[in-house]
Number of protein chains: 2
Amino acid sequence: MAEKLLGSIEAGGTKFVVAVADFDYNVKELKKFPTTTPEKTLAEAINFFEHFDVASIGVGSFGPVDVKVESETYGHVLNTPKADWSGFDFLETLKVAFDIPMYFTTDVNSSAYGEYTKGSGLGADSLVYFTLGTGVGGGAIQDGKFIGGIDHAEMGHATVIAHPEDTYEGGCPFHSNHCFEGLASGPTLEGRTGAKGETLPRDHKVFDFISYYAGQIAFNTFVNMAPEKIVFGGSVLQGADMPKVREYFKQFNNGYVATPDLEELIVRPSIENNRSATIGNFGLALKVLKE
Amino acid sequence: MAEKLLGSIEAGGTKFVVAVADFDYNVKELKKFPTTTPEKTLAEAINFFEHFDVASIGVGSFGPVDVKVESETYGHVLNTPKADWSGFDFLETLKVAFDIPMYFTTDVNSSAYGEYTKGSGLGADSLVYFTLGTGVGGGAIQDGKFIGGIDHAEMGHATVIAHPEDTYEGGCPFHSNHCFEGLASGPTLEGRTGAKGETLPRDHKVFDFISYYAGQIAFNTFVNMAPEKIVFGGSVLQGADMPKVREYFKQFNNGYVATPDLEELIVRPSIENNRSATIGNFGLALKVLKE
């Protein structure tokens with residue numbers, strides 16, 4: 001008889017990553033494919049899982065999505081610029097194919113859960129995870145539960161004070177330069193410099209600006225939720241930028257609130273190969289099995 | 001035999017309010033007295049409770065305080081400008097007098113819990129409460145538990161973008177005009193106008209500024225935690241200012257995130273006579289009895 005496995009769907013706006021693992025999170029098989037129409041993309045995901053005996057699946061999706069279990073549109077993709085996907089019943093499409101327990105949340109919540117259970121948050125009771133990439137998002141966990149009363153967090157859109165020398169008009173279509181994403185997402189690097197982010201030297205002023213926003217958001221996160229770990233994932237910031245992020249945290253705090261050692265508090269993800277969300281989904285698949 | 005009662009200590013920086021109530025939260029007796037030295041003030045509180053058969057006590061204290069049960073300095077007042085109180089073992093002083101269960105938290109958490117259980121949050125699963133008074137503070141609750149991983153929240157010190165016309169240098173000794181408290185506490189009214197807050201007409205520009213900061217913080221709170229209720233207590237803002245606060249929330253959101261009706265989301269406290277913290281303490285006293 002085939003071994004029972006845990007399933008993961010990391011549904012990104014440009015690509016899907018599907019995977020199965022044993023109950024110790026050892027990946028048995030993993031597949032990536034581009035995000036096209038909902039029908040084609042989900043068919044490919046379903047086809048992947050049909051080759052295994054899957055006990056449960058954790059899904060982390062690009063958003064906005066409805067994660068409220070009691071809601072009529074639970075498991076749907078909500079209004080998104082990707083027109084095909086707006087209103088798509090993601091979870092039900094999976095449920096029709098597989099009558100097994102599933103956990104449905106945002107991609108960033110999945111990453112947060114991965115780092116919480118198996119990454120930088122190992123042993124911690126609370127963690128907030130931010131990703132700075134094409135977009136900026138955040139997910140918060142306290143005592144094993146996501147913070148988010150009636151909806152998932154949209155932490156990338158919290159307001160930030162602009163760096164006094166940063167004159168960029170901002171890259172958020174909703175909040176221009178008033179929010180974290182508008183000033184710290186990947187596209188803002190090219191928006192400011194005209195050059196692709198990956199071609200810019202690490203000591204370019206623009207990374208100082210991004211570190212300023214990350215440090216500010218880390219400070220706000222600490223005064224709002226006091227998590228044991230604040231993790232900055234994504235490709236915009238690198239490990240080498242973390243000292244600057246901590247330095248700006250310190251400037252924003254200015255000695256007000258007592259904190260743990262900032263080297264322990266503000267960290268990069270520790271799950272390798274960009275697998276935080278996949279590992280998180282396995283954890284959520286396991287969690288939903290136990291409930 | 002005397003009736004078993006619940007006890008409340010609302011320990012403010014300028015005055016203490018102690019009270020006892022039956023298990024339906026009916027106040028049996030309540031006393032206020034000024035906050036002087038820790039020894040004298042606690043002696044007065046203890047003397048009050050000695051006249052009753054108290055089953056448990058909820059304590060909401062001015063801060064910073066150590067609320068981490070596993071900490072060595074749990075129940076202590078931490079470093080505060082009120083020099084006498086710095087390092088004072090508040091909880092132990094009570095425990096020596098009364099060997100009964102006690103819940104120890106911040107004054108604003110107590111108010112949040114009061115509104116959550118018996119006030120504007122009645123029936124809601126999540127709520128964030130802000131108070132705008134001499135200082136600015138916030139407390140958040142989700143599914144009956146305070147949000148705060150390794151410490152209590154200090155939400156009054158989160159950064160805010162200054163109103164473009166607000167040139168005030170700010171009133172926070174740590175963050176000048178970079179934080180919510182620095183721009184929206186009671187003393188900033190006089191700081192800006194030279195006149196006492198209570199003498200200013202409600203259509204004074206300064207209340208527009210404060211509403212702008214409250215609307216901004218409400219928006220940030222919603223994207224960070226998505227609570228079912230956001231309550232603005234304290235004397236700086238009044239019910240008449242709430243429409244403006246909601247209007248600014250709308251401007252900051254700019255159509256990005258779906259919200260409930262803002263008249264339901266952003267509200268004033270509904271417990272009368274400024275008793276949110278006292279009622280909250282009774283609730284916490286009851287909670288600790290059941291644990």
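Above: the structure in question.
Every value quoted in this text rests on a predicted model; they were computed, and no experiment measured them.

## Brief notes about the pattern of salt bridges
All names here are of chain A. Scanning the entire structure with this criterion turns up 21 salt bridges over all chains. Of the charged contacts in the structure, one is a salt bridge between Asp-53 and Lys-4, with a shortest N-O distance of 3.3 Å. With Asp-53 in strand 4 (residues 53-61) and Lys-4 in strand 1 (residues 4-11), this residue pair connects regions lying 49 residues apart in the sequence. Among the residues examined, Lys-4 registers a relative accessible area of 41% and is labelled partly exposed. A salt bridge links Lys-68 to Asp-66; the shortest N-O distance between them is 3.6 Å. Beyond isolated ion pairs, a larger network of salt bridges with shared partners links Glu-165, Lys-205 and Asp-208.

## Observations regarding the state of the cysteines
Residues and elements named next belong to chain A. Counted according to the given criterion, the structure contains 0 disulfides over all chains. Here Cys-179 stays free of any disulfide, with the sulfur of Cys-172 as its closest cysteine sulfur at 3.8 Å. For Cys-179, a relative accessible area of 1% translates into the label buried.

## Considering the relation of the copies chain A and chain B
The two copies are related by a screw motion: chain A maps onto chain B through a turn of 180 degrees and a shift of 0.0 Å along the axis, at an RMSD of 0.0 Å. Look at the turn and shift together and you get a two-fold axis relating the two. Looking at the rotation axis and the C-alpha trace of chain A, the residue lying nearest is Ile-161 of chain A, at 2.5 Å.

## Observations regarding the nonpolar core
Judged by nonpolar contacts, the single largest core of 88 residues is most densely connected at Leu-132, Phe-180 and Phe-232 of chain A together with Leu-132, Phe-180 and Phe-232 of chain B. When near neighbours in sequence (up to four residues on either side) are disregarded, Phe-180 of chain A contacts Phe-130, Leu-132, Val-136, Met-155, Gly-156, Ala-158, Val-160, Ser-185, Tyr-213, Ala-214, Ile-217 and Phe-232 of chain A.

Each value, and the rule that gives it
Residues numbered from 1 in each chain as written. Chains lettered and ligands numbered in written order. Predicted model: local features only at pLDDT ≥ 70, side-chain atom pairs only at ≥ 80, totals over all residues. Heavy atoms only, no water. Salt bridge = Lys/Arg side-chain N within 4 Å of Asp/Glu carboxyl O. Helix = DSSP H or I, 4+ residues; strand = E, 2+ residues; numbered from the N terminus. Buried < 20%, exposed > 50% of the residue type's maximum accessible area, 1.4 Å probe, protein only. Disulfide = S-S within 2.5 Å. Least-squares fit on C-alpha atoms with pLDDT ≥ 70 in both. Core = buried A, V, L, I, M, F, W, Y, C linked by side-chain atoms within 4.5 Å. Contact = heavy atoms within 4.5 Å.

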